[in-house]
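# Fold and contact review
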Amino acid sequence: MTTQKITIDELKPKFLGEASRYNNWYHTADFTYEGTEYCLKLSLTEGSLLGQQNFFSLSWDPVEIVQENGVAVLKKPKNDINFVIDEDDFRFDAQNDQLIVEMGDMKVISKEDQRRVISKNKNLELDLTLKPRGPIFYWGKEKGALCEVTEDTRVAGIESLSWANGTIKANGKELVVDNAPGLFEHVWFGQLNFFQIRIMNWIYANFDQLYTYICHTESQTNEGSPFHFETGKVYLIDSDDYLFANKFEVVPESWVYFDEAKRFIPWEQSVDVRTDKGKLKYTIEPYRYPQLIQPPTRMEDFMVDNIPGWSSLFYDLPVKLKGKFIFKDGEKLELTNGRGINELIRLVPL
């Protein structure tokens, strides 16, 4: 059974009686205004496991990659907005028909059929409403499933590919968001071993003909063995097909040197998703600078698996996507206007 609604109970913060927890209310919109393409991200994150913070990002500067000694180097933009504010005072009010969560300059008003996010921060002020494009996605194989992302990490989540409408004020300019593709996410967990992760790759994509998300994590167990997790869904709009990602591959096709982080990152990527109805194939091309979730971190004295010296990188990358869905009978559905975000964690030796 599929649904376009998220219940108030599902939207509430979880594990509130536990010292260790994580809850997020995450919103994005990919839109064009007066000829400029923007990617907005606004997220309220509660709990101790990854920090209690508000995230504000609005990207519009063109990507700048320069060749230095034969290496493609990604340069930091001058105008993009990307900042994080640590917050202490989290408040929520659960009513019969809505949930209000509030922290610092950010407020999220959630109803079963829509989410409204408000920012009163002077650097990025906005009022945005997101409504589902169609059925929502749950992590895992069933509603509310706790997914074993690493040996010591259990995550549940909801992804609602959405239409966004509202206004934004930034850098003295007012922007109008008119029926823009985006995403609302609510993820929660009470167990996390961040340092087991080696690579995490999460991608959502809005196309005219379908929408999708996938997530996979490669990690290490406490005994040093490899541990694999993946989950994902595809929704074909015209045929009303709600499909599970049975297996998928994400392959880097090019790399750039991320100057701010002092390391290489995957850039263009190809994705192959297998479902019961056929195969989704698309390519990813970043069109804006990474929106950092945490500052790039070098841990020279940190030791894991008897290996000294580690690096942590965690960011959202606005992307454009091109592709097709190939049905089992060979029919091809060409996909248009692909926009989304590729979120990556890379925790690797120096």
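Definitions and limits used
Residues numbered from 1 in each chain as written. Predicted model: local features only at pLDDT ≥ 70, side-chain atom pairs only at ≥ 80, totals over all residues. Heavy atoms only, no water. Helix = DSSP H or I, 4+ residues; strand = E, 2+ residues; numbered from the N terminus. Rg over C-alpha atoms; globule rule 2.2 N^0.38 Å. Buried < 20%, exposed > 50% of the residue type's maximum accessible area, 1.4 Å probe, protein only. Contact = heavy atoms within 4.5 Å. Areas by Shrake-Rupley, 256 points an atom, 1.4 Å probe, with all protein chains shown as cover. Lys, Arg positive; Asp, Glu negative; His and termini not counted. Charge placed at Lys NZ, Arg CZ, Asp CG, Glu CD. Pairing = 2+ DSSP bridges. Axes fitted to C-alpha atoms, helices over the stretch in contact; angles between N-to-C directions. Phe/Tyr/Trp six-rings, centres within 6.5 Å; stacked < 30°, edge-to-face > 60°. Lys NZ or Arg CZ within 6 Å of the ring centre and 35° of its normal. 1 Å grid on protein atoms, 1.4 Å probe; cavity = no way out; pocket = protein on both sides within 12 Å on 5 of 7 lines; lining within 4 Å. Points joined across faces, edges and corners; volume = space filled by probe spheres on them. Nonpolar A, V, L, I, M, F, W, Y, C, P; charged D, E, K, R; others polar.

## Remarks on the overall build of the chain
For the chain, the helix and strand inventory stands at one helix and 28 strands. In terms of C-alpha radius of gyration, the chain reaches 20 Å, essentially the compact-globule figure of 20 Å for 350 residues. For the chain, the C-alpha atoms occupy an extent of roughly 55 × 50 × 45 Å along the three principal directions. Residues classed as buried in the chain amount to 55% of the 350 residues present. If you take every contact in the chain between residues at least 6 apart in sequence, the share linking residues at least 24 apart comes to 61%. As displayed, the chain offers around 15,400 Å² of accessible surface, 46% of which is attributable to carbon and sulfur atoms. Put simply, the chain has 40 plus and 54 minus side-chain charges, and the middle of one group is 2 Å from the middle of the other.

## Topic: the sheet that holds strand β22 (residues 263-266)
In spatial order, the strands read β4-β5-β21-β22; together these four strands make up an open sheet with mixed pairing. Unpaired on one side and paired on the other, β4 (64-68) and β22 mark the two borders of the sheet. The sheet shows a mean angle of 45° between the axes of neighbouring strands, taken without regard to direction. In terms of strand pairing, β4 meets strand β5 (residues 71-75) through five bridges, oriented antiparallel. Each bridged residue has a counterpart across the sheet, and for E64 the counterpart in β5 is K75.

## Examining the environment of K279
Mapped onto the fold, K279 is located in strand β24 (residues 278-286). Using a relative accessible area of 32% as the deciding quantity, one classes K279 as partly exposed. Through-space distance from the C-alpha of K279 to that of F327 is 6.5 Å; in sequence the pair is 48 residues apart.

## Digging into the pairing of strand β7 (residues 90-94)
With five bridges connecting them, β7 and strand β8 (residues 99-103) associate as antiparallel partners. Looking at the pairing, F92 lines up with V101 of β8. The antiparallel hairpin formed by β7 and β8 contains four residues in its connecting segment.

## Some remarks on the packing of aromatic side chains
For the coordinates displayed, the defined rule picks out 23 aromatic pairs. Just above the ring of W188 sits the side chain of K14; from NZ or CZ to the centre is 4.1 Å. The side chain of K320 reaches across the aromatic face of Y287, ending 5.4 Å from its centre.

## A few points about empty space enclosed by the protein
Empty space among the atoms becomes apparent when a probe as large as a water molecule is rolled across them. Summed over all chains, the structure comprises one cavity of 30 Å³ or more. Taken as a whole, the largest cavity holds about 490 Å³ of empty space. Partitioning the lining of the largest cavity into residue classes produces 18 nonpolar, eight polar and three charged.

## Let's talk about the pairing of β24
Alignment of strand β23 (residues 269-274) against β24, held across six bridges, turns out to be antiparallel. Residue pairing across strands places V273 opposite L280, the latter belonging to β24. Here β23 hands over to β24 after three residues, the two strands then running antiparallel side by side. As paired strands, β24 and strand β27 (residues 307-327) are joined by nine bridges and run antiparallel to one another. When the sheet's bridge partners are listed, K279 is paired in β27 with I326.

Keep in mind these values describe shape, not function.
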